[in-house]
Amino acid sequence: MTTCYYTASSLDGFIATVDESLEWLLTQDIDEEGAMAYPGFREGLGAMAMGAHTYEWIVHHGDGWDYTLPTWVFSHRDLELPEGADIRLTQADVRQVHAEMTERAAGKDLWIAGGGELVGSFADAGLLDEVWIQYAPVTLGAGAPVLPRALDLELIDVARNRSFLCGRYRVTGALTAGEDVVV
Ligand SMILES: NC(=O)c1ccc[n+]([C@@H]2O[C@H](COP(=O)([O-])OP(=O)(O)OC[C@H]3O[C@@H](n4cnc5c(N)ncnc54)[C@H](OP(=O)(O)O)[C@@H]3O)[C@@H](O)[C@H]2O)c1
């Protein structure tokens, strides 16, 4: 069982603009049957978690909520949930949520969908195993950072999917290189 952060990013490391727009991403070309695309990733999943803004974006754009995976949404608010959806709101510690997700996933992988700070909380607790990033050919200059932590990662797979450069990384621990360097 692997806990993964799977997301798309600008080349300069942002997952949304300052005003939370994803237009720069939605206009890109991707082959859904191609390398490291979401449908193939989805097959291995047993549960997912996300922050409130990511959830609200999904609900209010496109076709709304069409996920069937058991989902944990982190929020301090009493967000409205789609009727019949397998979603629960939580403010619990990520360790507790991870344990609940693991139980429901029954051996399948866990997807932490973002944002970056929430994924960072899982990494802080030593609960993040892999990072899958689809880099779009744009720079945003500023926005929501993909993963605002200092981590060492090992590149374990790489591919091109149309306009995306796709990387799959294993999280090996906190960043150690250059700790003694004073700049
Ligand atoms: N490029 C991509 O593929 C991609 C993927 C994911 C997200 N996004 C976008 O990136 C942006 C990310 O937004 P974001 O960084 O603000 O992240 P977010 O994680 O989606 O939302 C942050 C919110 O989550 C809640 N939260 C986080 N940790 C919590 C905790 N431990 N306990 C309780 N609540 C917690 C809080 O909500 P409350 O204020 O309700 O308490 C917090 O304000 C969004 O615009 C999203 O659409 C893009």
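Described in the following lines is the structure provided in the data block. (Residues numbered from 1 in each chain as written. Predicted model: local features only at pLDDT ≥ 70, side-chain atom pairs only at ≥ 80, totals over all residues. Heavy atoms only, no water.)

Overview of the packing of aromatic side chains
The line we're drawing: Whether two aromatic rings pair depends on their centres lying within 6.5 Å, for rings of Phe, Tyr and Trp, where Trp uses its six-membered ring; planes under 30 degrees apart make the pair stacked, over 60 edge-to-face, and the rest tilted. Strands are runs of DSSP state E lasting at least 2 residues, helices are runs of H or I lasting at least 4, and numbering of each runs from the N terminus. Under the scheme applied here, a residue whose accessible area is under 20% of the maximum for its type counts as buried, over 50% as exposed, and between as partly exposed, the area being computed with a 1.4 Å probe on protein chains only. For a Lys NZ or an Arg CZ to count as sitting over a ring, it must be within 6 Å of the ring centre and within 35 degrees of the ring normal.
Considering all chains together, one arrives at 11 aromatic pairs under this definition. Plain terms: the ring middles of Tyr-6 and Trp-111 are 6.3 Å apart, the flat faces sit at 90° to each other, and that makes the pair edge-to-face. Here the residue Tyr-6 occupies a position in strand β1 (residues 3–10), and Trp-111 occupies one in strand β6 (residues 109–112), the gap between them amounting to 105 residues. According to the relative accessible area criterion, Tyr-6 is buried, its value standing at 8%. Put simply, the rings of Tyr-6, Tyr-38, Phe-41, Tyr-55, Trp-65, Tyr-67, Trp-111 and Trp-132 touch in pairs and so form one group of aromatic residues. Stacked on the ring of Trp-72, the Lys or Arg Arg-88 has its end atom at 4.2 Å from the ring centre.

Considering the site of the ligand
In plain terms, the rule: For this description, a residue counts as near a given molecule or strand if any of its non-hydrogen atoms is within 4 Å of it. Under the rule applied, a polar contact is a pair of N or O atoms within 3.5 Å (in protein, one hydrogen donor and one hydrogen acceptor; residues adjacent in sequence only if both atoms are side-chain atoms). Values of accessible area rely on a 1.4 Å probe in the Shrake-Rupley scheme; residue burial ignores everything except the protein chains shown. Residue polarity follows a fixed list, in which Ala, Val, Leu, Ile, Met, Phe, Trp, Tyr, Cys and Pro are nonpolar, Asp, Glu, Lys and Arg are charged, and the others, Gly among them, are polar.
The local shell around the ligand holds 21 residues, among which His-53, Thr-54, Ser-75, His-76 and Arg-77 are the closest. Between the ligand and the protein, one listed contact pairs an oxygen atom with a side-chain N or O atom of Ser-75 at 2.5 Å. Separating an oxygen atom of the ligand from a side-chain N or O atom of Arg-77 is a distance of 2.6 Å. For the ligand, the protein covers 79% of the area, taking 920 Å² as the surface of the free molecule. Breaking the shell around the ligand down by element, the ones donating at least two residues are β1, β2 (14–16) and α3 (52–60). For the shell around the ligand, the element with the most residues is α3, which contributes four residues. Classifying every residue of the shell around the ligand gives 10 nonpolar, nine polar and two charged.

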